[in-house]
Amino acid sequence: MELPYFKFFGEKPRVCNICGATNDEVHIYPATPRGGPTPFISEQPVCGKCFREVAEKEGRRLHEPVQDLNLWVDQQLSGIGLGKVERAADPKKIHPTVLKAFQVEITNALLSGHLPRTSGIGLGGMPGAGKSCALAALIRGLVYQNARNKNPFVELQAVSKIRWMSWTDTCHRWRLKPLDDMVARDIGRARSAKLLVLDDLGRETWRREASEDVAIGHLDAIVTHRDREDLLTLWTTNLTEEELIARYGISMVRRLLRLNPLVFLDEATFHPEAL
Ligand SMILES: Nc1ncnc2c1ncn2[C@@H]1O[C@H](COP(=O)(O)OP(=O)(O)O)[C@@H](O)[C@H]1O
Ligand SMILES: [Mg+2]
Ligand SMILES: [Zn+2]
């Protein structure tokens, strides 16, 4: 799916010094003076097309850009943990009510390829509202736009700073083999990711005491760490705020949300493509 270009709200106006294109229409790489930040691109702001044309004329060696960006994005999304249904989520098909749950600055940041500066955001509501797909689609936008911006200029690196965790699967695995190496790896990644998605909190099978549940213990430690490090966590749940607090305790729910209220989608929101 071809996604349109979005200009990041926080970006100053920039003009390509060769063709005059502006960052309203296309990504313009900011000036990077020689000896300045690496990689060196150009001493003047420049668009991708002009950058490559000039570099080729000068006989500079250039990397081979990724030809099929959609395929590349799909591979990255798979690598960070999105399943097939989530990878198929389309930013253009996010239900307006679900979209309204996010501040416009946040969707703009994601769709323009930047991580938003915000505390956690929780999307609550009945199954089929489109919560998971909304987050997945926004993450696709983030990865896609970020890659498209960089592609002409630098070689794309595999995405490693975003993590998608389907909580039901993860919780199940953690309960089965709490001391497994893979669990330790999951935890390490979930702790350090710049952006973590916890999908479907509350859908795990109920255990009487959360305090006795090793998986929820790990989750609590991850959430505490991320909150302290000011790392962004987005999550979805089928529970209300009261139910979440009853299950996980008030302190974890506070840490997950910080400044943002839990956005609860009611029954009016049902995605037309949901079964
Ligand atoms: N943005 C989207 N793009 C494509 N399909 C979507 C989108 N949002 C919802 N859907 C469809 O609706 C179904 C339910 O959405 P989902 O995100 O799984 O709901 P929830 O997580 O709220 O239970 C998905 O399986 C998918 O078929
Ligand atoms: Mg879901
Ligand atoms: Zn140009």
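Conventions adopted
- Residues numbered from 1 in each chain as written.
- Chains lettered and ligands numbered in written order.
- Predicted model: local features only at pLDDT ≥ 70, side-chain atom pairs only at ≥ 80, totals over all residues.
- Core = buried A, V, L, I, M, F, W, Y, C linked by C-beta atoms within 7 Å.
- Buried ≥ 20, exposed ≤ 12 C-beta atoms within 10 Å, placed from the backbone.
- Helix = DSSP H or I, 4+ residues; strand = E, 2+ residues; numbered from the N terminus.
- Contact = placed C-beta atoms within 7 Å.
- Pairing = 2+ DSSP bridges.
- Axes fitted to C-alpha atoms, helices over the stretch in contact; angles between N-to-C directions.
- Domains from an automatic or database assignment.
- pLDDT = per-residue confidence, 0-100.
- Expected span 1.5 Å × (residues − 1).
- Arc of directions from axis to C-beta.
- Near = placed C-beta within 6 Å.
- Nonpolar A, V, L, I, M, F, W, Y, C, P; charged D, E, K, R; others polar.

K.L.:
Looking at this structure, I do not really get the nonpolar core. What am I missing?
P.N.:
Where a protein is soluble and globular, its nonpolar side chains tend to be buried together. Counting residues in hydrophobic clusters, the biggest one holds 54 residues, and the most contacted among them are A134, L138, I139, V143 and V197. Looking at which element gives the most residues to this core, the answer is helix α6 (residues 131-150), with 11 residues. Every residue in contact with L138, bar those within four places of it in the chain, is listed here: P91, T107, L110 and L111. Membership of the second largest hydrophobic core comes to eight residues, among which are I28, Y29, C47 and F51.

K.L.:
Sorry if this is basic, but what is going on with the sheet that holds strand β3 (residues 121-125) here?
P.N.:
Here five strands make up an open sheet; going across it, the order is β4-β5-β6-β3-β7 and the pairing parallel. Since the sheet does not close on itself, it has two edges, and those belong to β4 (162-166) and β7 (263-265), each with one partner. Direction aside, neighbouring strands of the sheet carry axes that sit 15 degrees apart on average. In the sheet, β3 pairs with β7 via three bridges, with the strands oriented parallel. Looking at the pairing, G124 lines up with F264 of β7.

K.L.:
How should I be thinking about the pairing of strand β5 (residues 195-201) in this particular structure?
P.N.:
Side chains on a regular strand alternate between the two faces of the sheet. Counting buried residues along β5, six of its seven residues qualify, which places the element largely inside the surrounding structure. Judged from the five bridges that link them, β4 and β5 form a sheet pairing that is parallel. The residue bridging W164 from the neighbouring strand is V197, located in β5. As paired strands, β5 and strand β6 (residues 232-237) are joined by five bridges and run parallel to one another. Within the sheet, the bridge partner assigned to L195 lies in β6 and is L232.

K.L.:
Any chance you could explain the domain arrangement of the protein here in plain terms?
P.N.:
Many descriptions give the size of an interface as the accessible area lost when the pieces come together. Assigned domains within the protein: domain 1 (1-62) and domain 2 (69-264). Look at where the C-alpha atoms of domain 1 and domain 2 centre, and you get two points 31 Å apart. On the side of domain 2, 16 residues touch domain 1, which itself brings 13 residues to the contact. Tallying contributions element by element places helix α1 (residues 48-57) first for the side of domain 1 that touches domain 2, with three residues.

K.L.:
Explanation requested: the confidence of the model for the protein in the structure shown.
P.N.:
Close inspection of predicted coordinates is inappropriate for parts of the model with low pLDDT. Of all residues in the protein, 95% have pLDDT values of 70 or greater, and the mean over the chain is 90. Put simply, β7 is where the protein has its lowest mean pLDDT, 77, and strand β2 (residues 46-47) is where it has its highest, 98.

K.L.:
I'm lost on unusual backbone geometry in this one. Help?
P.N.:
Only a minority of non-glycine residues have a phi that is not negative, and only a minority of peptide bonds are not trans. Positive phi, normally seen in glycine, also occurs at D200, with a value near 70 degrees. For D200, the position within the fold is in strand β5.

K.L.:
Help me out: how do you make sense of helix α9 (residues 214-228) in this one?
P.N.:
An α-helix turns once every 3.6 residues. As a result, residues three or four positions apart point the same way. Its 15 residues give α9 an end-to-end C-alpha distance of 21 Å, which sits within 8% of 21 Å, the value for a rise of 1.5 Å per residue. Along α9, the residues classified as buried are A215, I216, H218, L219, I222, V223 and R226. Within α9, the buried residues cover an arc of 155 degrees as seen down the axis, which keeps them to one side. For α9, the elements touching its buried residues are α7 (167-176), α8 (181-192), β5, β6, α10 (241-248) and α11 (250-257). Immediately downstream of α9, the backbone of D230 shows phi near 60 degrees, a positive value.

K.L.:
I tried to follow the site of ligand 1 on my own but got confused; where do I start?
P.N.:
Near ligand 1 you find 18 residues, and of these K93, G130, K131, S132 and C133 are the closest. Ranked by residues supplied to the shell around ligand 1, first place goes to α6 with five residues. When the residues that make up the shell around ligand 1 are grouped by side-chain class, the tally is nine nonpolar, five polar and four charged.

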